[in-house]
Amino acid sequence: SQTIHQWPATLVQPVGSPLSLECTVEGTSNPNLYWYRQAAGRGLQLLFYSVGIGQISSEVPQNLSASRPQDRQFILSSKKLLLSDSGFYLCAWSDWGTTKSYYGYTFGSGTRLTVV
Amino acid sequence: AQTVTQSQPEMSVQEAETVTLSCTYDTSENNYYLFWYKQPPSRQMILVIRQEAYKQQNATENRFSVNFQKAAKSFSLKISDSQLGDTAMYFCAFMKGSYQKVTFGTGTKLQVIP
């Protein structure tokens, strides 16, 4: 069965420090992968998505970047964190299932990032 | 661009009662998918139910059912026999496109009262 792992679960970082959040998927190949951010009391905002190794699309201009060095690995990074980068970050992969019917996203457990 | 609107920021329901969460969306597409996701206090996002727009029959998953009105672009979620474990934030979501990008509403916080 397919599983998705995301870490760390919680992170407190000072302003100006670098960031690296990692997401890996097991049990599937060539998944579409996504990074979302959820600000306090708000919905989910799509940050990046990837349809293959080395293919990254950005949805919003920001201080963050993403990379996909392997088929089932998706990394969210920043060189210098801002206070506004605080939030809850979710990784997801897209599931077409076995019957060509779209099942929706499967999400990782999320990372709560606090920039201080 | 598609938009998803959830007009009820918070709702409450007595245990064992029925509650309906509202969602409207805006799109010019004819074929698409709609979802309801649940986010309990653990913050793990869980798929509750999905609807394919070309199917006229409303989706049902145990105590959860939807009322899909395509012409009105409405997609409400009904929770029957509410349980304490249903306490969560509920997000309505829309998907269309080859890259399966999903647009989420701002969520409805549901509290089930014992």
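The preceding data block contains the structure.
Residues numbered from 1 in each chain as written. Chains lettered and ligands numbered in written order. Predicted model: local features only at pLDDT ≥ 70, side-chain atom pairs only at ≥ 80, totals over all residues. Heavy atoms only, no water.

Asker: So what's going on with the pattern of salt bridges? Which residues, and what values?
Answerer: All names here are of chain B. This model, assessed by the stated rule, comprises seven salt bridges over all chains. Between E52 and K55 there is a salt bridge whose closest N-O contact spans 3.2 Å. With relative accessibility at 6%, the residue E52 sits in the buried group. Ionic pairing is found between R63 and D86, a salt bridge with its closest N-O pair at 2.8 Å. In this pair, R63 is assigned in the loop between β7 (60–61) and β8 (64–69) and D86 in the loop between β9 (74–79) and β10 (88–95), connecting sequence segments 23 residues apart. D86 shares its class with R63; the two are buried. Because the salt bridges share partners, they merge into one network encompassing R50, E52 and K55. (Salt bridge = Lys/Arg side-chain N within 4 Å of Asp/Glu carboxyl O. Buried < 20%, exposed > 50% of the residue type's maximum accessible area, 1.4 Å probe, protein only. Helix = DSSP H or I, 4+ residues; strand = E, 2+ residues; numbered from the N terminus.)

Asker: Got a sec to walk through the interface of chain B and chain A? Specific residues and values, please.
Answerer: Facing the 20 residues of chain B at the interface are 24 residues of chain A. Across the chain B to chain A interface the summed buried area is about 1900 Å²; carbon plus sulfur atoms make up 52%. Counting the contacts that link chain B with chain A gives one salt bridge. For K101 of chain B, the salt bridge identified is with E59 of chain A, shortest N-O distance 3.4 Å. Mapped onto the side of chain B that touches chain A, the elements with two or more residues apiece are β5 (33–39), β6 (46–52), β10 and β11 (102–104) of chain B. Looking at which element gives the most residues to the side of chain B that touches chain A, the answer is β5 of chain B, with four residues. Across the side of chain B that touches chain A, the residue classes break down as 10 nonpolar, six polar and four charged. (Contact = heavy atoms within 4.5 Å. Buried area = accessible area lost by both parts, 1.4 Å probe. Nonpolar A, V, L, I, M, F, W, Y, C, P; charged D, E, K, R; others polar.)

Keep in mind that these numbers describe shape and distance, not what the molecule does.
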